[in-house]
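# Structural characterization, general
As a plain string of letters, each chain reads:
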Amino acid sequence: MIPTRRTLMALTTAALLPLTACGGGSGSSGSSSPAGGTYTFWDPYPQFDASSDWGKRVAACGTAAGVKLKRTAYDTTDLGNKALLAAQQGNAPDVMLVDNPVVSTLVEAGILNKTSDLGLDTSSIQKNIIGAGTIDGASYGVPIGANTLALYYNKKVLSAAGVDPASVKDWASLTDALKKVKAAGKKGITFSAINTEEGSFQFLPWFWGAGGDLTKLDSDKGVAALSLWKQWVDAGYAPKDVLQNTQTTSWQEFATGDYAFSENGTWQLGNADKAGFGYGVINIPARNGGSAPVPTGGEFVTVPVQKDTSRYDVSKKIVGCLTSDSSLLATDTTLMYVAPTSAVQTEQVAKNAELKPWVTAVAAARGRTSGGLGTKYPTISQPMWTAVQAALSGSKSPQDALDAAQAAAGKG
């Protein structure tokens, strides 16, 4: 899932506040004994109630651990902030599922346990997926899955324009395809360039695909990526409303059947099947060919620090249950996630061949906070999305916009 601007900035601020000692879990209304009692679990899925497949799975994992698992769901915006507050008040939940960019902020605040200290094995998890929750070589949670970005395409629109989707291998061939689509009377590509984290999330494949480095926003490579987007908007290959588009409204444009391409995520597969036209999926091309690195979305199952350390044995069982191969297959199917292990990915593709390009995309993905960025990421992301807005609106050139972004990020 993608955190909003308010979540990222609030977490960055809150992480600087002093924390009191963490007390027992918020399940203290039940027994604090590791055998029996009530344990607490927070997740960012308010859309799933207790009767949903997800709700039932959480409850079953509590039963398997020999306890009652009290689940509370918050939206992504609120969960991280509530976690910081709960830790300050000494009533952090026993187990918590959090969006991957938030992990580093919670670690910096001293809230999360290392998976190695808990005896949780993460050796089967793909390195780039676990990397989003790894700080200074130590992992602080177990991912339940990953989602990411690729290009959906409308088969009918491309066919009418004489474009073979297999010919799209780099930026030049993609731009050429957009030119042909426009000439045929259709629309080119939709994406989200909104001034929130969604805008940064969607820009990153092009930025990284040019070889860009988030610590050097104003490099020639970063400027090339922003210039590409500006070229598309100026030429009418992409609509001007990308400046206001969320990933949802961008998808709604593609769903009209008028567009050739949509940059969007794994989570739209269900909607794609309902769109009423034939579609396909290709990986986002890098500038000079190959698949561009794409950002990983998804959540980590974490165990917050507790004063009563005897609770960790049961918490470990709950995490192990939620992230077992059998649970991952069911959970990732429900959430439209790609599993974090190759074994479960193979099972997913066997059941649904449409997931194959997404497995490839996830393999090329990287965490937004990985590479040592950690809590620095929000102070880079906001200037980056601000630069995208400035360049696409025409208020600044791509170079000037990214020069300003780098200056702002340097002060963060």
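Please refer to the structure placed before this passage.
No experiment lies behind these values; they were computed from the predicted model shown.

Here we have 4 strands laid out as an open sheet, ordered β8-β9-β7-β10, and mixed in their pairing. Each edge of the open sheet carries a strand with a single partner, namely β8 (187-190) and β10 (279-282). Sheet twist, expressed as the average angle between the axes of neighbouring strands with direction ignored, equals 20°. Examined bridge by bridge, strand β7 (residues 149-154) and β10 share 4 bridges and lie antiparallel to one another. Each residue of the ladder has a partner; that of Y152, found in β10, is V281. The strands that helix α16 (residues 356-363) touches are β7, β9 (259-265) and β10; relative to β7, the one it contacts most, it runs at about 150°.

So, about empty space enclosed by the protein. By the definition in use, this model includes 2 cavities of 30 Å³ or more. Roughly 40 Å³ of internal volume is contained in the largest cavity. Forming the walls of the largest cavity are P44, T76, L79, G80, L97, V98, D99 and V102. Where the lining of the largest cavity is concerned, the elements lending two or more residues are α3 (76-89) and β3 (95-99). Considering only residue class, the lining of the largest cavity consists of 5 nonpolar, 2 polar and 1 charged. Lining the second largest cavity, in full, are N100, I129, A132, P143, G145, A146, T296, G297, G298 and F300. The residue makeup of the lining of the second largest cavity, split by class, is 5 nonpolar, 5 polar and no charged.

Helix-helix packing is characterised by the crossing angle of the two axes and by the distance between the axes. At a minimum axis separation of 9 Å, helix α10 (residues 220-235) and helix α18 (residues 398-410) run at an interaxial angle of 130°. When the axis of α10 is compared with that of α18, the two are oblique. Crossing hand, α10 versus α18: right-handed. Facing G222, V223, L226, S227 and K230 of α10, the residues of α18 in contact are P398, Q399, A401 and L402.

This part takes up the layout of surface pockets. By volume, the second largest pocket amounts to about 270 Å³. T134, I135, D136, G372 and G374 are the residues nearest the centre of the second largest pocket, which is lined by 16 residues in total. When contributions to the lining of the second largest pocket are tallied by element, the ones reaching two or more residues are α4 (100-108) and β4 (134-135). When residues in the lining of the second largest pocket are grouped by element, the largest group, 3 residues, is from α4.

Reading across the sheet, the 5 strands line up as β2-β1-β3-β11-β6 and stay open at both edges, with mixed pairing between neighbours. Each edge of the open sheet carries a strand with a single partner, namely β2 (68-73) and β6 (142-143). As paired strands, strand β1 (residues 38-43) and β2 are joined by 6 bridges and run parallel to one another. Opposite T40, over in β2, you have K70 as the bridge partner. Sheet contacts for helix α2 (residues 53-64): β1, β2 and β3; angle to β2, the most-contacted strand, approximately 145°.

A few words now on the packing of aromatic side chains. Applying the stated criterion across every chain yields a total of 15 aromatic pairs. Between W42 and Y74, the ring centres sit 5.2 Å apart and the planes meet at 75°, which makes this aromatic pair edge-to-face. On the criterion of sequence distance, the pair formed by W42 in strand β1 and Y74 in the loop between β2 and α3 is long-range, its members being 32 residues apart. On the accessibility criterion, W42 (9% relative accessible area) is buried. Here Y152 and W358 contribute two aromatic rings whose centre-to-centre distance is 5.5 Å and whose plane-to-plane angle is 50°, an arrangement assigned as tilted. One end of the pair, Y152, is in strand β7; the other, W358, is in helix α16, with 206 residues separating them in the sequence. Per residue, the accessibility class of Y152 equals that of W358, and both read buried. An aromatic cluster is built from W171, F191, F203, W206, F207, W229 and W232, whose rings are joined through pairwise contacts. When the ring centre of Y39 is taken as reference, the NZ or CZ atom of R311 above it lies at 4.0 Å. Of note, R366 hangs over the ring of W208, and the distance from its end group to the ring centre comes to 4.6 Å.

Once that is clear, we can look at the packing of α2 against helix α13 (residues 312-322). Between α2 and α13, the shortest axis-to-axis distance is 9 Å and the interhelical angle comes to 140°. On the basis of the axis angle, α2 is oblique to α13. Here α2 and α13 pass one another in a crossing that is right-handed. Across the interface between the two elements, W54, V58 and C61 of α2 pack against I318, C321 and L322 of α13. Here the residues of the contact of α2 with α13 are counted per class, giving 6 nonpolar, no polar and no charged.

Procedures and definitions
- Residues numbered from 1 in each chain as written.
- Predicted model: local features only at pLDDT ≥ 70, side-chain atom pairs only at ≥ 80, totals over all residues.
- Heavy atoms only, no water.
- Pairing = 2+ DSSP bridges.
- Helix = DSSP H or I, 4+ residues; strand = E, 2+ residues; numbered from the N terminus.
- Axes fitted to C-alpha atoms, helices over the stretch in contact; angles between N-to-C directions.
- Contact = heavy atoms within 4.5 Å.
- 1 Å grid on protein atoms, 1.4 Å probe; cavity = no way out; pocket = protein on both sides within 12 Å on 5 of 7 lines; lining within 4 Å.
- Points joined across faces, edges and corners; volume = space filled by probe spheres on them.
- Nonpolar A, V, L, I, M, F, W, Y, C, P; charged D, E, K, R; others polar.
- Parallel < 35°, antiparallel > 145°, perpendicular 65-115°, else oblique.
- Left-handed = near helix turned anticlockwise from the far one by under 90°.
- Phe/Tyr/Trp six-rings, centres within 6.5 Å; stacked < 30°, edge-to-face > 60°.
- Buried < 20%, exposed > 50% of the residue type's maximum accessible area, 1.4 Å probe, protein only.
- Lys NZ or Arg CZ within 6 Å of the ring centre and 35° of its normal.

So, to be careful, I would describe these as geometric facts and stop short of saying anything about function.
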